[in-house]
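This is what each chain is made of:
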Amino acid sequence: DKTIRIWDIQSGNCVRLMTGHSKGINDLQFTSDGRCIVSASKDKTIRIWDIQSGNCVRLMTGHSKGINDLQFTSDGRCIVSASKDKTIRIW
């Protein structure tokens, strides 16, 4: 549904709703410090979200088709994305 939801596992309630992608989300990862979520979407964008506020703090564009997967490099300093445009990008 184009959203990211954070759920309280004890109560079962949604405690944070993040909106901004215009198409479905294919992948997401938590940053190693647990403060942000990075999402990859069919809308050709990557977004970095602050979990505490629920705000999008960075929008990354560059792929010409939807993004299938993303992963952090082992040192956590870069994001690698793979797209249906048959490219891989390092951010």
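Above this text sits the structure in question.
Cut-off values and rules
- Residues numbered from 1 in each chain as written.
- Predicted model: local features only at pLDDT ≥ 70, side-chain atom pairs only at ≥ 80, totals over all residues.
- Heavy atoms only, no water.
- Helix = DSSP H or I, 4+ residues; strand = E, 2+ residues; numbered from the N terminus.
- Rg over C-alpha atoms; globule rule 2.2 N^0.38 Å.
- Buried < 20%, exposed > 50% of the residue type's maximum accessible area, 1.4 Å probe, protein only.
- Contact = heavy atoms within 4.5 Å.
- Areas by Shrake-Rupley, 256 points an atom, 1.4 Å probe, with all protein chains shown as cover.
- Lys, Arg positive; Asp, Glu negative; His and termini not counted.
- Charge placed at Lys NZ, Arg CZ, Asp CG, Glu CD.
- Salt bridge = Lys/Arg side-chain N within 4 Å of Asp/Glu carboxyl O.
- Core = buried A, V, L, I, M, F, W, Y, C linked by side-chain atoms within 4.5 Å.
- Pairing = 2+ DSSP bridges.
- Axes fitted to C-alpha atoms, helices over the stretch in contact; angles between N-to-C directions.

On a plain count of helices and strands, the protein chain comes out with zero helices and nine strands. Element order for the protein chain, N to C, with α for helix and β for strand: β-β-β-β-β-β-β-β-β. Its C-alpha radius of gyration of 13 Å places the protein chain within 12% of the 12 Å reference for a compact globule of 91 residues. Relative to its 91 residues, the protein chain shows a buried fraction of 36%. The long-range fraction of contacts in the protein chain, counting pairs at least 24 apart against all pairs at least 6 apart in sequence, stands at 26%. Counting only carbon and sulfur atoms, one obtains 47% of the accessible surface of the protein chain, whose full area is about 5,800 Å². When the 14 basic and 9 acidic side-chain charges of the protein chain are each reduced to a single mean position, those positions are 8 Å apart.

Side-chain pairs of opposite charge can arise where the charged atoms are in close proximity. Tallied over the full model, the rule gives two salt bridges. Of the charged contacts, one joins Arg5 and Asp1 as a salt bridge, the two residues approaching to 3.2 Å between their closest N and O atoms. On the basis of relative accessibility, which here comes to 66%, the residue Asp1 falls in the exposed class. Between Asp33 and Arg35 there is a salt bridge, with the nearest N and O atoms lying 3.7 Å from each other. Residue classification places Asp33 among the partly exposed positions, given a relative accessible area of 48%. On the basis of relative accessibility, which here comes to 58%, the residue Arg35 falls in the exposed class.

The next point concerns the nonpolar core. Core analysis: the largest hydrophobic core is formed by 10 residues, namely Cys36, Val38, Ala40, Ile46, Ile48, Met60, Ile67, Leu70, Phe72 and Ile79. Mapped by element, the contributors of at least two residues to this core are β4 (36–41), β5 (45–50) and β7 (67–72). Grouped together as the second largest cluster of nonpolar side chains are six residues, Ile6, Met18, Ile37 and Ile51 included.

Taken in spatial order, the three strands of this open sheet run β7-β8-β9, and their pairing is antiparallel. Both outer strands of the open sheet, β7 and β9 (88–90), are each paired with one neighbouring strand and no more. Within the sheet, the average angular offset between the axes of one strand and its neighbour, ignoring direction, is 20 degrees. Sheet topology places strand β8 (residues 79–83) next to β9; three bridges connect them, and they run antiparallel. If you follow Ser81 over to β9, its bridge partner there is Arg89.

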